[in-house]
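Coordinate inspection notes
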Amino acid sequence: MWGGRFAAGPASIMREINASIPFDKRLWKQDIAGSKAHVAMLAKQGIVDGEDAQAITEGLNRIAAEYEADGVPVDLDLEDIHMVTESRLAQLIGPTAGRLHTARSRNDQVATDFRLWVRDAIDEVQAGLIGLQRALLARADENADAVMPGFTHLQSAQPVTLGHHLMAYYEMVRRDRSRFADARARADECPLGAAALAGTGFPIDRHATAAALGFAKPTDNSLDSVSDRDFALDYLMAATQASLHLSRLAEEFIIWASQPFGFVKLPDAYSTGSSIMPQKRNPDAAELVRGHAGRIMGCMNALCVTMKGLPLAYSKDMQDDKPPVFEAHDLLALSIAAMTGMIETVTFRTDRMRGLAESGFATATDLADWLVREGGIPFREAHHITGRAVAAAEAAGVPLDQLPIATLQGIDARIDDRVYAVLTVDASVASRMSHGGTAPMQVRARIAQAREELGS
């Protein structure tokens, strides 16, 4: 390929460190698509003879069929997917294959292939995230009335509904999808035709190749075209955020599945046992999702560090852009599938959730709010009165709604029997009717709206 400049071949260690074919073979579909679009444009512009272009296209189609059937051969001497394909094309059609690389470089070729791959990867992630959203919606709808403790600092705070809790993760995933959509929109420019770094003197039509590959437009600066990996970083940053949300959900399942909580029973399909403790049901799938988040974050950091000090235009460091993106994508896909499966099949122990919601003085804020509404008491004073009531209930070993009225009036004479209407957990959640609140009516309204958003 570049041997005309050198009298001797590379050392064996150079062959190994220089070759990217072991990992960039994943780009073969995008590489062939880009080559077919390029040669079609060359023929239309009269840069390559029509018969030669047809032979090249037919050869590329045959190579694609071979790759599909047998995989991409790994030959370190040929370095990368571009040269493996071009070499095979030369075997099939002879010297005519050499015309394919007219008016392009491996620099703009790989930038185009990688953008195409990332664009396809985003579409795959979006489909998986939609599946997760639908699973969350289905289980939230089933449990819109199911009362559970809401936590701050992992301490019982106020009662909420399980449906409301699950819908919080729906909202996180909705934002994840918007980040991937933004990343895809920014990646929707085609570098093909930027050549090595300065453009080309051939009369190419970059708009034609961009349109043929489904891009919105060609990139506007040839130097930036071959230097840019923002699209890969955008993907990794969106993947990192999504993995953090998946990890938080996984962590809750891990906590909820523990005996002290007992909020869920994880399905056998997403659990493992112990080699020596037969009673164990370990939440390994959730723990691995939690672990994958760290690895995905590491992938993002790896590419950030690679790119942070590179001058324009292309440097060989950029060959290391693909492994972290490939790894993050594979891990994210696994994590999404695992959490979707767990959501769909987990058994929620709503009786246990209700019991703990009722035992932690979670309606204390409702008592304070009642004092403000019905007694006209400033909230800070109501907060102090409520604190005394909680201390009395704790000393008596009963929940707030079982404190005798005489005890409550002994704390503050303005309290009367009407207060009991707000001290049950059901009354508490039903009262939270503000927009986005946990009241079952609000939860069901948001679920209906979400289903419209998803088109289901």
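A brief report on the enclosed structure follows. Residue numbering note: each chain is counted from 1, following its sequence as written. Per-residue local features are limited, in this predicted model, to residues with pLDDT of at least 70; the limit for side-chain atom pairs, both in listing and counting, is 80 or more; totals at the level of whole chains, interfaces and linings are taken over all residues. Computation of side-chain values covers all heavy atoms of the structure but excludes hydrogens and water.

1. What to know about the nonpolar core
Filter applied, for reference: For this analysis, a nonpolar core means a set of buried residues of the types Ala, Val, Leu, Ile, Met, Phe, Trp, Tyr and Cys, connected via side-chain atoms within 4.5 Å. Residue exposure (1.4 Å probe, protein chains only): buried if accessible area is under 20% of the type maximum, exposed if over 50%, otherwise partly exposed. Think of it this way: any DSSP run of H or I at least four residues long counts as a helix, any run of E at least two long counts as a strand, and we number them from the N terminus. Every residue pair with non-hydrogen atoms within 4.5 Å of one another is taken to be in contact.
Residues Phe114, Phe180, Tyr235, Phe253, Trp256, Val325 and Leu332 are the most contacted members of the largest nonpolar core, which totals 93 residues. Counting residues per element, this core draws most heavily on helix H10 (residues 230-257), at 15 residues. Every residue in contact with Phe253, bar those within four places of it in the chain, is listed here: Val264, Leu266, Met339, Met342, Ile343 and Val346.

2. Some points on the pairing of strand S1 (residues 147-152)
Using the following cut-off: For two strands to pair, DSSP has to find at least two bridges joining them.
Relative to strand S2 (residues 155-161), S1 is paired through 6 bridges, and the arrangement is antiparallel. Across the sheet, residue Phe151 finds its bridge partner in S2, namely Ser156. Hairpin connection of S1 to S2: 2 residues between the antiparallel strands, including His153 at a positive phi of 60°.

3. A closer look at the packing of helix H6 (residues 106-142) against H10
Condition: Under this scheme, a helix contributes an axis fitted over its contacting stretch, all axes are lines through C-alpha atoms, and angles between N-to-C directions fall in the 0 to 180 degree range. To sort the angles, those under 35 degrees are grouped as roughly parallel, those over 145 as roughly antiparallel, those from 65 to 115 as roughly perpendicular, and the leftovers as oblique. Crossings are classed by handedness, with left-handed meaning an anticlockwise turn of the near helix from the far one by less than a right angle and right-handed meaning a clockwise turn.
Between H6 and H10, the least distance of the axes is 10 Å, while the angle of their chain directions is 20°. Comparing their axes, H10 and H6 come out roughly parallel. Crossing of H6 over H10 shows left-handed handedness. Every residue of H10 that contacts H6 at Ala111, Phe114, Arg115, Val118, Ala121, Ile122, Val125 and Leu132 is listed here: Phe231, Ala232, Tyr235 and Leu246.

4. Focus on unusual backbone geometry
The phi angle of most residues is negative, glycine excepted, and most peptide bonds adopt the trans form. A cis amide bond links Leu312 to the next residue, Ala313, at an omega of 5°. Within the secondary structure layout, Ala313 lies in the loop between helix H11 (284-307) and helix H12 (322-345). Despite not being glycine, Glu79 has its phi angle at roughly 70°, a positive value. Inspection of the secondary structure assignment puts Glu79 in the loop between helix H4 (50-70) and helix H5 (81-93). Judged by relative accessible area, which is 6%, Glu79 ranks as buried. Its identity as a non-glycine residue notwithstanding, Ala103 has a phi of 65°, on the positive side. Summarising the element assignment, Ala103 is placed in the loop between H5 and H6. On the basis of relative accessible area, Ala103 is assigned to the buried category, the value being 7%.

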